[in-house]
Amino acid sequence: MTLRLGRQTFPDDATLMMAIVNRTPDSFYDKGATWAEDSAFDRVAQVVDQGAEIVDIGGIKAAPGAEIDVDEEIRRVGSFVGRVRAAYPDLVISVDTWRAEVARAVCLEGADVLNDAWGGADPTLVDVAAEHGAALICTHTGGVQVRTRPHRIEYDDVVAAAITDTVAYAERAMAAGVPRESLVIDPAHDFGKNTFHSLEITRRLAEMVATGWPVLVSLSNKDFVGESLDLPVGERLIGTLAATAVCALAGARIYRVHEVVETRQVVDMVATIAGRRPPARAIRGLA
Amino acid sequence: MRVVLVPGVPALLPEYAGVTDPVADLRGACLDAVASLGTDVTVVGDPQGERVAAYLLAAADRTGDEASVLVVGNGSARRTEKAPGHLDERAVAFDAGLGRALREGDIDALGALDRDLAADLLAVVDPIVTLAGLLPSGGRGEVLYEDDPFGVRYWVMRWRG
């Protein structure tokens, strides 16, 4: 299905890189490296140069921590979205937020996508997406509270739960007026999930793809990779890319990443093996 | 009589297409040449050459009922160390002689090609030998392409008799 992300549309065989841009002092991977606005802007320039189709700008880290109110979140991301929009008129800009008030502010600044990592915690977010023609990422969190870690969560079937909840969220968004072509589902690895849950989601991702909704995966350097390999943040790229390959073979469409170049190579290689993409240039044995 | 010579390069086939075309110039010359043939074409080539011919004939718009022959063959695939058949020191001289005979319409030379040497050099000349019986002696062809981008000698030529 053709995917419409705000001002851009993408054919149904396109895979997309969504580069993470943190406007936070405390995110787990970069630990505030792009907290300063100019550093975040430089990060945008870098990932655009690397070929990212989407930037995902976030003002609050996912893990528990200092309370960031609506005003502070808007201070972090609102005008920054406007600055990126002015510099990159055609870039797809996503904002990682669960709050309708923040979503409204960033849509007015030119955001295309609302990445609701907390699975519809704010029931009016869908109305903002509909009102502003923004796409919406519908994630599965297992019903946990915003910015909490999973604690002793169990599922009868984590994949079935992820499909049921994300599809229900997408259908609720459609009912609110968001076009079907602007809705994406995301099983949300590590969110409301232990490592075994995230591994099962990865192993069975094809079941989510089979729903027909475009699937986003956010795997980059997460704890399920770290716990699988007993490696700290900063040493998880290879494991991340292995998980990426599995999801790419299953047919994931959007990859939310720290490392754009490496992920693009893996996704293109897998798509080429799967026969969904031709080789870049083939002459070996054919001259 | 209209006669065209193209090389039987599998990279021309749609089933081997990549994102970018490694033989774009060659393809353009082949399609240009084949477009000058009539609607009823006799193909002279080995099985792989026939596949390439079928693709080119389907891809080019052709009109007219003039007798037409499409010959599929090429020079040595052993021209350099990076060539498909690695380097054979005899390849460059062999191709030089063959190229001269093609350009000058030297049908005696074409008819007397050393087929054993050609086989050693991975040159596809059996179809080219048939040109000796098709071309008027001294009939000069038009060269649309002559190069060896991958260590294999290609010619795209056209004759109108």
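Coordinates for the structure precede this section.
Position numbers for residues count from 1 along each chain, tracking the sequence in the order it is written. Chains and ligands are labelled sequentially in the order written, the chains with letters from A and the ligands with numbers from 1. Totals for whole chains, interfaces and linings use all residues, but because this is a predicted model, local features are given only for residues with pLDDT of at least 70 and pairs of side-chain atoms are given and counted only at 80 or more. The basis for every side-chain value is the complete set of heavy atoms in the structure, and neither hydrogens nor water enter the calculation.

Asker: Sorry if this is basic, but what is going on with the overall build of chain B here?
Answerer: Scanning chain B for helices and strands turns up 6 helices and 5 strands. Secondary structure elements are taken from DSSP: a helix is a run of H or I of four residues or more, a strand is a run of E of two residues or more, and numbering for both begins at the N terminus. Ordered by position from the N terminus, the helices and strands of chain B form the series β-α-β-α-β-α-α-α-α-β-β. On the principal axes, the C-alpha backbone points of chain B span a range of 45 × 45 × 25 Å. By the burial criterion, 48% of the 161 residues in chain B qualify as buried. The long-range fraction of contacts in chain B, counting pairs at least 24 apart against all pairs at least 6 apart in sequence, stands at 71%. Residue-level accessible areas treat just the shown protein chains as cover; the underlying method is Shrake-Rupley with a 1.4 Å probe. Of the roughly 7,300 Å² of accessible surface on chain B, 49% is carried by carbon and sulfur atoms. For each residue, the accessible area found with a 1.4 Å probe, counting protein chains only, is set against the maximum for its type, and the residue is called buried under 20%, exposed over 50%, and partly exposed in between. In what follows, a contact means two residues having at least one pair of non-hydrogen atoms within 4.5 Å.

Asker: Please explain the overall build of chain A as it appears in this structure.
Answerer: Scanning chain A from N- to C-terminus turns up 10 helices and 10 strands. The globule rule is 2.2 Å times the number of residues to the power 0.38, and the radius of gyration it is compared with is taken over C-alpha atoms. For a compact globule of 287 residues, the expected C-alpha radius of gyration is about 19 Å, and chain A comes in at 18 Å, within 12% of that figure. Seen through its principal axes, chain A has C-alpha atoms that stretch 60 × 45 × 40 Å. Every one of the 287 residues in chain A was classed for burial, and the buried ones make up 55%. Here the analysis covers contacts within chain A between residues at least 6 apart in sequence; of these, 70% occur between residues at least 24 apart. A residue counts as positive if it is Lys or Arg and as negative if it is Asp or Glu; His and the chain ends are not included. Charge positions come from single atoms, namely NZ of Lys, CZ of Arg, CG of Asp or CD of Glu. For chain A, the distance from the average position of its 29 positive side-chain charges to the average position of its 41 negative side-chain charges is 3 Å.

Asker: I would appreciate a short explanation of the sheet that holds strand β5 (residues 154-160) of chain B in the present structure.
Answerer: Residues and elements named next belong to chain B. Only strands that DSSP links by at least two bridges are regarded as paired with each other. On the basis of which strands lie adjacent, the open sheet formed by 5 strands has the order β2-β3-β1-β5-β4 and mixed pairing. Strands with a single pairing partner mark the edges of an open sheet, and in this sheet they are β2 (41-44) and β4 (142-147). If you compare each strand with its neighbour and ignore which way they point, the axes differ by 10° on average. Alignment of strand β1 (residues 2-6) against strand β3 (residues 68-72), held across 5 bridges, turns out to be parallel. Following the sheet pairing, Arg 2 is matched in β3 by Ser 68. Helix axes use the C-alpha atoms of the stretch in contact, all axes being lines fitted to C-alpha atoms, and the angles between their N-to-C directions lie in the range 0 to 180 degrees. Contacts from helix α3 (residues 91-104) reach β1, β4 and β5 within the one sheet, and its direction differs from that of β5 by about 15°.

Asker: How should the side chain of Asn 22 of chain A be read in this particular structure?
Answerer: All names here are of chain A. One can find Asn 22 in strand β3 (residues 16-22). In protein, a polar contact requires one atom able to donate a hydrogen and another able to accept it; more generally it is a pair of N or O atoms within 3.5 Å, and residues adjacent in sequence count only if both atoms are side-chain atoms. A polar contact is formed between the side chain of Asn 22 and the side chain of Asp 30, at a distance of 2.7 Å. Once you skip the residues sitting within four places of it in the chain, Asn 22 turns out to touch Ser 27, Asp 30, Thr 34, Trp 35, Ala 40 and Gly 58.

Asker: What exactly am I supposed to notice about empty space enclosed by the protein here?
Answerer: It is the rolling of a water-molecule-sized probe over the atoms that shows where space remains empty. Residues and elements named next belong to chain A. A cavity, in this analysis, means grid points on a 1 Å lattice covering only the protein atoms where a 1.4 Å probe fits yet has no way out; a pocket is instead an open set bounded by protein on both sides within 12 Å along at least five of seven lines, and a residue lines either one if it has an atom within 4 Å of a point. Grid points are joined across faces, edges and corners, and a volume is the space filled by probe spheres set on the points. A complete count under the given rule lists 1 cavity of 30 Å³ or more for this structure. Quantified by volume, the largest cavity comes out at close to 40 Å³. If you trace the largest cavity, you find it lined by Val 217, Leu 219, Ser 220, Thr 240, Thr 244, Tyr 255, Arg 256, Val 257 and Thr 263. Those elements that provide at least two residues to the lining of the largest cavity are α9 (237-250) and β10 (254-257). If one sorts the elements of the lining of the largest cavity by residue count, β10 sits on top with 3 residues. All residues other than Ala, Val, Leu, Ile, Met, Phe, Trp, Tyr, Cys, Pro, Asp, Glu, Lys and Arg, Gly among them, are scored as polar; the first ten of these are nonpolar and the last four charged. Within the lining of the largest cavity, the residues separate by chemical class into 4 nonpolar, 4 polar and 1 charged.

Asker: Please explain the packing of aromatic side chains as it appears in this structure.
Answerer: Two aromatic rings, taken as a pair, are described by how far apart their centres are and by the angle between their planes. All names here are of chain A. Each Phe, Tyr or Trp ring, with Trp reduced to its six-membered ring, pairs with another whose centre is within 6.5 Å; inter-plane angles below 30 degrees give stacked pairs, above 60 give edge-to-face pairs, and intermediate values give tilted ones. Under the defined criterion, the tally for this structure stands at 3 aromatic pairs over all chains. With a centroid separation of 6.3 Å and an interplanar angle of 55°, the aromatic rings of Phe 28 and Tyr 29 are classed as tilted. By relative accessible area, Phe 28 is classed as partly exposed at 40%. For Tyr 29, a relative accessible area of 25% gives the class partly exposed.

Asker: Explain the layout of surface pockets here, please?
Answerer: Considering only enclosed or pocket space, the largest pocket measures out at about 870 Å³ in volume. Along the wall of the largest pocket there are 39 residues; nearest its centre are Phe 28, Ala 62, Ala 63, Phe 191 and Lys 222 of chain A.

Asker: Teacher, can you tell me more about helix α2 (residues 47-59) of chain B here?
Answerer: Residues and elements named next belong to chain B. With 13 residues, α2 extends 19 Å from end C-alpha to end C-alpha; this agrees with the ideal 18 Å at 1.5 Å per step. Within the span of α2, buried status applies to Gly 49, Val 52, Ala 53, Tyr 55, Leu 56 and Leu 57. Structurally, α2 contributes buried residues whose contacts are with β1, α1 (24-34), β2 and β3. Multiplying one less than the number of residues by 1.5 Å gives the expected span of a helix.

Asker: Help me out: how do you make sense of the packing of helix α1 (residues 37-49) of chain A against helix α2 (residues 70-87) of chain A in this one?
Answerer: Two quantities define a packed helix pair, namely the angle between the axes and the distance from one axis to the other. Residue and element names in this part refer to chain A. Closest axis-to-axis distance for the α1/α2 pair is 11 Å, and the angle between their directions is 40°. By the angle between their directions, the pair α1 and α2 is classed as oblique. Read as a crossing pair, α1 and α2 show a hand that is right-handed. Facing Glu 37, Asp 38, Ala 40, Phe 41 and Val 44 of α1, the residues of α2 in contact are Ser 79, Phe 80, Arg 83, Val 84 and Ala 87. Roughly parallel covers angles under 35 degrees, roughly antiparallel covers those over 145, roughly perpendicular covers 65 to 115, and oblique covers all other angles. If you view the pair so one helix is near and one far, a crossing is left-handed when the near helix is turned anticlockwise from the far one by less than a right angle, and right-handed when it is turned clockwise.

Asker: Sorry if this is basic, but what is going on with the pairing of β4 of chain B here?
Answerer: Along any regular strand, the residues point their side chains to alternate faces of the sheet. Alignment of β4 of chain B against β5 of chain B, held across 5 bridges, turns out to be antiparallel. The residue bridging Glu 146 of chain B from the neighbouring strand is Trp 155 of chain B, located in β5 of chain B.

Asker: I tried to follow the interface of chain A and chain B on my own but got confused; where do I start?
Answerer: Think of interface size as the accessible area that goes away when the parts come together; that is how it is often given. On the side of chain B, 14 residues touch chain A, which itself brings 9 residues to the contact. Buried area is calculated as the accessible area (1.4 Å probe) missing from two parts once they are joined, with the contributions of both summed. For the pair chain A and chain B, the summed buried area comes to about 900 Å², and 66% of that belongs to carbon and sulfur atoms. Sorting the residues of chain A by area buried against chain B places Arg 281, Leu 286 and Ala 287 of chain A first, and these three jointly supply 56% of that buried surface. When a carboxyl oxygen of Asp or Glu lies within 4 Å of a side-chain nitrogen of Lys or Arg, that pair is called a salt bridge. Taken together, the connections running from chain A to chain B amount to 0 salt bridges. Seen at the junction of chain A and chain B, the total is 5 residue pairs in polar contact (both at pLDDT 80 or more). Among the residues forming the side of chain A that touches chain B, the class breakdown is 7 nonpolar, no polar and 2 charged.

Asker: Where do I start with the sheet that holds β3 of chain A in this structure?
Answerer: Within a sheet, each strand pairs with its neighbour through backbone hydrogen bonds, oriented either parallel or antiparallel. Residue and element names in this part refer to chain A. With respect to topology, 8 strands assemble into an open sheet ordered β8-β7-β6-β5-β4-β3-β10-β9, the strand pairing being parallel. Edge strands, defined here as strands with exactly one partner in the open sheet, are β8 (183-186) and β9 (216-218). Within the sheet, the average angular offset between the axes of one strand and its neighbour, ignoring direction, is 25°. Pairing analysis gives 4 bridges linking β3 to β10, with the strands arranged parallel.

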